[in-house]
Amino acid sequence: ETGMFTYDPGFTSTASCESTITFIDGDKGELLYRGFPIDQLAENSHFLEVCYLLLYGELPSAAQLEDFEMRVTRHTMLHEQMVNFFRGFRRDAHPMAVVCGVVGAMSAFYHDSTDITDPWQREVASIRMIAKLPTICAWAYKYSIGQPFVYPRNDLDYAANFLHMCFAVPCEEYVVNPVMARAMDRIMTLHADHEQNASTSTVRLAGSSNANPFACIAAGVACLWGPAHGGANQACLEMLQEIGTVDQIPEYIRRAKDKDDPFRLMGFGHRVYKNYDPRAKVMQETAKEVLELVGVENDPTLQVAQELERIALEDEYFVEKKLYPNVDFYSGIVLNAMGFPTSMFTAIFALSRTVGWIAQWKEMVEDPVQRIGRPRQLYTGAARREYVNVEDR
Ligand code: SDX
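Residues numbered from 1 in each chain as written. Predicted model: local features only at pLDDT ≥ 70, side-chain atom pairs only at ≥ 80, totals over all residues. Heavy atoms only, no water.

Under an unreviewed UniProt entry, the name given to the protein is Citrate synthase, and the source organism is Paralimibaculum aggregatum. Regarding the protein, the UniProt comment filed under Catalytic activity (unreviewed entry) reads as follows: "oxaloacetate + acetyl-CoA + H2O = citrate + CoA + H(+)". We quote the UniProt Sequence similarities (unreviewed entry) comment for the protein here in full: "Belongs to the citrate synthase family." (UniProt positions renumbered as here; feature names shortened; annotations may be inferred.)

Structure (C-alpha cells):
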C-alpha cells in the first residue's frame, strides 16, 4: 500500500514513492491536500494558505500565515539582469519555452539557494519559486505581446498581483476585479498538487540526483507542457472552438471512439480518476461566475462543453472506459474569458503547480533514506550477438 515495489531480492526500486502530501481516490473522485478535501479548500481557503498547507503539512495560524505571506510577497521581484534574459527570446516564442528557460536559469541568478543540503537554502529556494513564478509567467506574456514588463506590487494579494502584472499598462490605472482575482486564486488552488503525475514524478527524479531545485522545477515545467498533461487545457479550448456549435458534437464523439483516428477528447479521461475529477466540478462553477461577470454567460464554448459532457457521460464508450471530464475541461473557458490567450494556459498551470512540485521535492530530498531514482525496464531487445563487418552485412 506504500507504492514501494521490489522487482527482485537484490534490487528494490522505488517505482512509486511514499508521500504524505496529496491523496487521490480515483474511483470515488476524491482529492485531499494533507487530508483536506479540495472542494472545501477551494471554497474556504486561498492559494497562499494552501501553499503553506502543502509545504508544512498543517493549516497555518493567523500569525504563521501573515509571516508566510510577507516572505512570499517580498520575493516576487526578479533579479533585474533577468530582463536581458527575457529579451534573448523571439517575441513569438511559446510562453512555456520562456518559462522553462527562465526557471532553469534561476540557479545562475540565485546561487545562494542552490545547496540542497542546507535547510535554510532549501527554504529560500522554495519561497523564491512560489513568489517569482507569477512574475516570470506574467513577463513571458507581456514579452509575447510587446508590452512593457509590469513589476509586482506588495499591496496586492497573490492572484491579484499576477493579473495586474499581466493586464496593467503604464498609460492608465488597472484595477483588478475582485471576482476575477478570486477565480484566479481558485484556479491556482485546484492545480496546486496532484500526487505523482508525470511532471511531479519528473521533478522527483531530477531531484533524486541532488540537482539544484531550480533545475528540477524547470524539468517539471518541460514535462507539464505536453498536450497529454498540462498542455491539455490549451488543446481543450482549441478543440471546443473547432467544434464550434453543439450540432457538430456527434462527429467529434465518433472520432474520439475511432481507434484509427488519433483524435482524443481533450479534457476527458485521466490516468487515475475513473470518476468525475473533483476539480472539474469546481472549475465548471468558476467558469459560470467569470462568464457572467464578463457578460458572456451564453459563451458558445461553454454551451458546447456542457453539451459535450452531457452526451459523453451517456455514451457507452465513455461510460465503459470510465472517461470523465478532468481539470482541463473547463479551465480553458475560464482563462479565455479572463482575457488570456490559449498560449498562456499551461504557463498558468505551471505557476500553480510549482508549490506542489516544491512540496514533493522537499519531501523527497529531506527523506534520509532517499536514493537516486532508477526506474527499471523490461528488456525486449536482441539477445547477445557478435559484431558483423560492413562487407558481410
Ligand atoms: C492532467 O496525472 C495527473 O494527475 C495529471 C493531471 C494533474 O493534475 O497533474 O490531472 C493533469 O494531465 C489531466 C489530463 C489532461 N489530458 C487530457 O485531457 C488529454 C486527453 N486525455 C487522454 O489523453 C487520456 O485520458 C490521458 C492521457 C489523460 C490518460 O491516458 P490513458 O491512461 O491512456 O487513459 P486511460 O487509461 O484512462 O484510457 C482508457 C481508454 C484507452 O482506450 P483503450 O486503449 O483501452 O482502447 O480510453 C481511451 C484510451 O485510448 N481514452 C480516450 C480518452 N482518454 C482515454 N478516448 C478518447 N478521448 C479521450 N480523451
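Novice: An account of the overall build of the protein is needed here, citing residue identities and associated values.
Specialist: Along the backbone of the protein there are 17 helices and five strands. The principal-axis extent of the C-alpha atoms belonging to the protein is close to 75 × 55 × 50 Å. Every one of the 393 residues in the protein was classed for burial, and the buried ones make up 52%. Counting only contacts in the protein whose residues sit at least 6 apart along the sequence, the fraction spanning at least 24 positions is 72%. As presented, the protein carries roughly 18,700 Å² of accessible surface, and 51% of it is formed by carbon and sulfur atoms. Between the centroid of the 36 positive side chains of the protein and the centroid of its 52 negative side chains there is a distance of 6 Å. (Helix = DSSP H or I, 4+ residues; strand = E, 2+ residues; numbered from the N terminus. Buried < 20%, exposed > 50% of the residue type's maximum accessible area, 1.4 Å probe, protein only. Contact = heavy atoms within 4.5 Å. Areas by Shrake-Rupley, 256 points an atom, 1.4 Å probe, with all protein chains shown as cover. Lys, Arg positive; Asp, Glu negative; His and termini not counted. Charge placed at Lys NZ, Arg CZ, Asp CG, Glu CD.)

Novice: I'd like to hear about the state of the cysteines, residue by residue, with values.
Specialist: Two cysteines joined by a covalent bond between their sulfur atoms form a disulfide. If you walk through the whole model with that rule in mind, you get zero disulfides. We note that Cys-17 lacks a disulfide partner, and the nearest cysteine sulfur, in Cys-216, lies 14 Å from it. Here Cys-17 falls in the buried class, since its relative accessible area comes to 17%. In this structure Cys-100 is a free cysteine whose sulfur lies 10 Å from that of Cys-223, the closest cysteine sulfur available. (Disulfide = S-S within 2.5 Å.)

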